[in-house]
Amino acid sequence: MTDPKTPFELMMQQAQEMAKAFNPALSSFDPKGFEKMWPTMPKDAMEMWFGKGISKDGLDAKTRLLLTLAGLTMQGAQADTQVRMTVRHALAAGATKDEIAETIAQMSMFAGIPAMTRAMELARDVMEDDKKDDET
């Protein structure tokens, strides 16, 4: 006899079945594979698409990405892929590792220590991977 599934588990199973029906390749989709395919975009492209397009004095890409990172942390750092990609983009846009850590740490007052800790772990993983890439 199998254990009854929780509503969340049933929802996830239905979502997986629906994704498989739409496109069989989605049944084995891995977000980390997506990250490898498009790890970051150039700073100029970020500013063109996400800032300074409407106002030449708008927020620069670095500031915009630090704000995005703060928002993702506030949501509980539940979206691992988005947090990692935002950290990569922020580094590419000129943010320092200290600025990234400070942005995440600041959110502990609003999002709580567990959310801050999770975001910090994800950011640290990206920054360690970045360091490894620099060494090779």
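Right, let's walk through the structure included here. As the structure is a computational prediction, the values presented were derived from the model and not from experiment. (Residues numbered from 1 in each chain as written. Predicted model: local features only at pLDDT ≥ 70, side-chain atom pairs only at ≥ 80, totals over all residues. Heavy atoms only, no water.)

**A look at the overall build of the protein chain**
Next up, step 1: The secondary structure content of the protein chain amounts to eight helices and zero strands.
Next up, step 2: Starting at the N terminus and walking to the C terminus, you meet the elements of the protein chain as α-α-α-α-α-α-α-α.
Next up, step 3: Buried residues in the protein chain amount to 28% of all 136 residues.
Next up, step 4: If you take every contact in the protein chain between residues at least 6 apart in sequence, the share linking residues at least 24 apart comes to 62%.
Next up, step 5: Split by element, the accessible area of the protein chain, about 9,500 Å² in all, is 58% carbon and sulfur. (Helix = DSSP H or I, 4+ residues; strand = E, 2+ residues; numbered from the N terminus. Buried < 20%, exposed > 50% of the residue type's maximum accessible area, 1.4 Å probe, protein only. Contact = heavy atoms within 4.5 Å. Areas by Shrake-Rupley, 256 points an atom, 1.4 Å probe, with all protein chains shown as cover.)

**Examining helix H5 (residues 80-92)**
Note on helix geometry: an α-helix contains 3.6 residues per turn, so any two residues three or four positions apart are oriented the same way.
Next up, step 1: With 13 residues, H5 should cover 18 Å at 1.5 Å per step; its first-to-last C-alpha distance of 18 Å lies within 8% of that length.
Next up, step 2: Among the residues of H5, Thr 81, Val 83, Arg 84, Met 85, Thr 86, Val 87, His 89, Ala 90 and Leu 91 are the ones counted as buried.
Next up, step 3: Trailing H5 by a residue or two, Gly 94 shows a phi angle of about 105°, which is positive. (Expected span 1.5 Å × (residues − 1).)

**What about a nonpolar patch on the surface?**
Next up, step 1: Taken together, the side chains of Phe 8, Met 11 and Met 12 make up a nonpolar region of the molecular surface, amounting to roughly 310 Å² of accessible area.
Next up, step 2: Structurally, Phe 8 is set in helix H1 (residues 7-22). (Patch = residues over 30% accessible without salt bridge, like charges linked within 9 Å, V, L, I, M, F, W, Y side chains within 5 Å. Salt bridge = Lys/Arg side-chain N within 4 Å of Asp/Glu carboxyl O.)

**Notes on helix H4 (residues 61-74)**
Next up, step 1: For H4, with 14 residues, the first-to-last C-alpha span of 20 Å sits near the 20 Å given by 1.5 Å per residue.
Next up, step 2: Among the residues of H4, those classed as buried are Ala 61, Leu 65, Leu 66, Leu 69, Ala 70, Leu 72 and Thr 73.
Next up, step 3: Positioned one or two residues after H4, Gly 76 has a phi angle of 95°, which is positive.

**So, the packing of H4 against H5**
Next up, step 1: Interhelical geometry of H4 versus H5 gives an angle of 160° and a closest axis separation of 9 Å. Put simply, H4 runs roughly antiparallel to H5. The way H4 lies across H5 gives a crossing that is left-handed. For the pair formed by H4 and H5, the contact residues are Leu 65, Thr 68, Leu 69 and Leu 72 on the first element and Gln 82, Val 83, Thr 86, Val 87, His 89 and Ala 90 on the second.
Next up, step 2: Residue composition of the contact of H4 with H5, by class: six nonpolar, four polar and no charged. (Axes fitted to C-alpha atoms, helices over the stretch in contact; angles between N-to-C directions. Parallel < 35°, antiparallel > 145°, perpendicular 65-115°, else oblique. Left-handed = near helix turned anticlockwise from the far one by under 90°. Nonpolar A, V, L, I, M, F, W, Y, C, P; charged D, E, K, R; others polar.)

**Quick notes on the nonpolar core**
Next up, step 1: Of all hydrophobic cores here, the largest spans 21 residues; its most connected members are Val 83, Val 87, Ile 100 and Ile 104.
Next up, step 2: Put simply, the parts of the chain that give this core at least two residues each are H4, H5, helix H6 (97-106) and helix H8 (113-135).
Next up, step 3: Among the elements that take part in this core, H8 stands out by supplying seven residues, more than any other.
Next up, step 4: Ignoring any residue separated from it by four or fewer positions in sequence, one finds Val 83 in contact with Leu 69, Leu 72, Ala 77, Ala 119 and Leu 122. (Core = buried A, V, L, I, M, F, W, Y, C linked by side-chain atoms within 4.5 Å.)

**Points about the packing of H4 against H6**
Next up, step 1: In the contact formed by H4 and H6, the axes pass within 9 Å of each other and the chain directions differ by 40°. For H4 against H6, the interelement crossing comes out right-handed. Between H4, through Lys 62, Leu 66, Leu 69, Ala 70 and Thr 73, and H6, the contact on the second element is made entirely by Glu 99, Ile 100, Thr 103 and Ile 104.
Next up, step 2: Broken down by class, the residue content of the contact of H4 with H6 amounts to five nonpolar, two polar and two charged.

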